[in-house]
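Structural overview
Chain by chain, the residues run as shown.
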Amino acid sequence: MGYQILLRDSLREAMSEEMRRDETVFLMGEEVAEYNGAYKVSKGMLEEFGPRRVIDTPIAELGFAGIGVGAAMNGLRPIVEFMTWNFAVLAFDQIVNNAAKTLSQSAGDFSCPIVFRGPSGSAGQLAQQHSQTFESWLGNTPGLKVISCVDPVDAKGLLKAAIRDPDPVCVMESEVFYAMELVANGQGERHYKFQQTELPALGEVPRDGEDYVVEIGKAAIRRTGSDVTIVTFNKMVWTCLQAAAELAREGIDAEVIDLRTIRPMDYETIIRSVQKTNRLVVVDESWPFASVSSEVAYAVQRHAFDHLDAPVIRINSADTSLPYASTLVDAFLPNPERIIRAVKEVAYRKV
């Protein structure tokens, strides 16, 4: 049988399956109940689980994040949804100073099993205060695990793993990809459709009804190749796959790695790929200074320097706040053209 699912539906499946499996799991956040979620991720969950387990909160991120942390410290497993991670900045005191430090401050006596989730990164013309990418911010905090994956099947498996994890996990999604559709043919191939564009086939699809859990801390090779390694995550995976398809037409075989988890990071998969291709381009939607791409570039030069045939190139968003104008949004973000130029540069091809 084929398999068809949207990202928002896969996240709902993950939460619902875990809430059926474990009665200590509950969901809270702005508009998650009566409104079915700002992006309809929690559609129908109030009807199934009731108002004690699907809880609408006031517009007070610091307050309800603190309630979630307290609940986690007392034996429950909260899922705290932020309408966007931009609003979660208000709750960083609870995330960074309390949730992340519970295990160490208690000398290992008790943990804080909580999931903070919501969309991160740009989402069109939402301007400066609603378009920021927070993976590197959160990944810099010991005690937090950070997931950033928009593949519908893998995002489901990772969210299920996050809910079961004994430590606080931040799950970074993508507002513009909630409606990305996965269509599988039942033969182990899957295609994605987003804004009327069919994206390349990837991996295997789990069988219906399978308790599908993806291990936190493992990257996925979305496209195998031999000439250059491209490392990326979240919605930039699809930008890189588009660039890789164009590069293939020009005779350059790019391997595309989706980090999926920012912390812990799967250095082994990255290093092994660079040892094979001898070239690296890192594509990261966040700002360039102290970004995820900075960490990847450092790790490769530290552990695979002798395998590099060219300097590492990073492609990031512009080092400025995101403007509102649509033309400037396009100029701000990494795009296939910039990635293609970078790959040709490390491959010593004419740009």
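For the structure given in this document, a descriptive report is provided here. (Residues numbered from 1 in each chain as written. Predicted model: local features only at pLDDT ≥ 70, side-chain atom pairs only at ≥ 80, totals over all residues. Heavy atoms only, no water.)

1. Concerning the overall build of the protein chain
When helices and strands are tallied, the protein chain shows 13 helices and 16 strands. In the protein chain, which comprises 351 residues, the share counted as buried stands at 56%. Approximately 15,000 Å² of the protein chain is accessible, and the part contributed by carbon and sulfur atoms is 50%. (Helix = DSSP H or I, 4+ residues; strand = E, 2+ residues; numbered from the N terminus. Buried < 20%, exposed > 50% of the residue type's maximum accessible area, 1.4 Å probe, protein only. Areas by Shrake-Rupley, 256 points an atom, 1.4 Å probe, with all protein chains shown as cover.)

2. Quick word on the pattern of salt bridges
For the structure on display, the rule yields 25 salt bridges. Across the pair Asp211 and Arg164 runs a salt bridge whose closest N-O atoms are separated by 3.0 Å. Taken together, the residues Asp211 in the loop between strand S10 (197-199) and strand S11 (220-223) and Arg164 in helix H8 (residues 152-164) connect sequence positions 47 residues apart. Here Asp211 falls in the partly exposed class, since its relative accessible area comes to 47%. Across the pair Glu246 and Arg249 runs a salt bridge, and its minimum N-O distance is 2.9 Å. Of this pair, Glu246 and Arg249 both sit in helix H9 (residues 236-249), separated by 3 residues, roughly a single helical turn. (Salt bridge = Lys/Arg side-chain N within 4 Å of Asp/Glu carboxyl O.)

3. A short note on the side chain of Asn316
For Asn316, the position within the fold is in strand S16 (residues 313-316). At a separation of 3.1 Å, a polar atom in the side chain of Asn316 contacts the main-chain carbonyl oxygen of Ser286. Reaching out from Asn316, the side chain makes a polar contact with the side chain of Ser291 at a distance of 3.4 Å. Setting aside its immediate chain neighbours within four residues, Asn316 contacts Asp284, Ser286, Trp287, Pro288, Ser291, Ser293, Phe332, Pro334 and Arg338. (Polar contact = N/O pair within 3.5 Å; in protein donor to acceptor, adjacent residues only side chain to side chain. Contact = heavy atoms within 4.5 Å.)

4. Thoughts on the packing of helix H1 (residues 7-21) against H8
Two elements in contact, H1 and H8, have axes separated by 8 Å at closest approach and are oriented at 30 degrees. What the angle tells us is that H1 and H8 run roughly parallel. The crossing of H1 and H8 is right-handed. Contacts between H1 and H8 involve Leu7, Ser10, Leu11, Glu13, Ala14, Met15, Glu17, Glu18 and Arg21 from the former and Pro152, Ala155, Lys156, Leu159, Lys160, Ile163 and Arg164 from the latter. Its residues assigned to classes, the contact of H1 with H8 comprises 8 nonpolar, 1 polar and 7 charged. (Axes fitted to C-alpha atoms, helices over the stretch in contact; angles between N-to-C directions. Parallel < 35°, antiparallel > 145°, perpendicular 65-115°, else oblique. Left-handed = near helix turned anticlockwise from the far one by under 90°. Nonpolar A, V, L, I, M, F, W, Y, C, P; charged D, E, K, R; others polar.)

5. A look at the packing of aromatic side chains
Throughout the structure, instances matching the rule amount to 8 aromatic pairs. Their ring planes at 75 degrees and their centres at 5.9 Å tell us that Phe92 and Trp137 sit as a pair that is edge-to-face. Linking Phe92 in helix H5 (residues 92-98) with Trp137 in helix H7 (residues 135-139), this pair joins segments that are 45 residues apart in sequence. For Phe92, a relative accessible area of 14% translates into the label buried. Ring centres of Phe177 and Trp238 lie 6.4 Å apart, and the angle between their planes is 20 degrees; on these two criteria the pair is classed as stacked. Highlighted residues: Phe177 in the loop between strand S7 (169-173) and strand S8 (181-184) and Trp238 in helix H9, separated in sequence by 61 residues. An identical accessibility class is assigned to Phe177 and Trp238; each is buried. We note Lys40 situated over the ring of Tyr35; from NZ or CZ to the ring centre the distance is 3.5 Å. (Phe/Tyr/Trp six-rings, centres within 6.5 Å; stacked < 30°, edge-to-face > 60°. Lys NZ or Arg CZ within 6 Å of the ring centre and 35° of its normal.)

6. Re the sheet that holds strand S15 (residues 280-284)
Pairing is mixed in the open sheet, where 5 strands are placed in the order S11-S13-S12-S15-S16. Only two strands of the sheet have a single neighbouring strand rather than two, namely S11 and S16. Pairwise comparison of adjacent strand axes, ignoring direction, gives a mean angle of 25 degrees for this sheet. Pairing of strand S12 (residues 228-232) with S15, which is carried by 3 bridges, proceeds in the parallel orientation. Its bridge partner being in S15, Ile230 is matched across the sheet by Val281. The strands touched by helix H11 (residues 292-303) are S12, S15 and S16; relative to S15, the strand with the most contacts, the crossing angle is about 160 degrees. (Pairing = 2+ DSSP bridges.)

7. As for the packing of H9 against helix H13 (residues 336-346)
Each pair of packed helices gets described by two things: the angle between the helix axes and the distance between those axes. Where H9 meets H13, the axes come as close as 9 Å, and the angle between the chain directions of the two elements is 55 degrees. The orientation of H9 relative to H13 falls into the category oblique. Here H9 runs over H13; the crossing is right-handed. The residues of H13 that touch H9, namely those facing Thr239, Cys240, Gln242, Ala243, Glu246 and Leu247, are Pro336, Ile339, Ile340, Val343 and Lys344. Among the residues forming the contact of H9 with H13, the class breakdown is 7 nonpolar, 2 polar and 2 charged.

8. Side note on H1
An α-helical turn contains 3.6 residues, so any two residues separated by three or four positions project in the same direction. Its 15 residues place the ends of H1 21 Å apart at the C-alpha level, agreeing with the 21 Å of an ideal helix rising 1.5 Å per residue. Three or more residues of H1 are buried, namely Leu7, Ser10, Leu11, Arg12, Ala14, Met15, Ser16, Glu18 and Met19. (Expected span 1.5 Å × (residues − 1).)

9. Things to note about the sheet that holds strand S5 (residues 115-119)
Backbone hydrogen bonds hold the strands of a sheet together, and the pairing may be parallel or antiparallel. Strand order in the open sheet formed by 7 strands is S3-S2-S4-S5-S7-S6-S14, and the pairing between neighbours is mixed. The open sheet has two edge strands with one neighbour each: strand S3 (54-56) and strand S14 (261-263). If you compare each strand with its neighbour and ignore which way they point, the axes differ by 20 degrees on average. Two elements, strand S6 (residues 145-148) and S7, share 4 bridges in a ladder whose sense is parallel.

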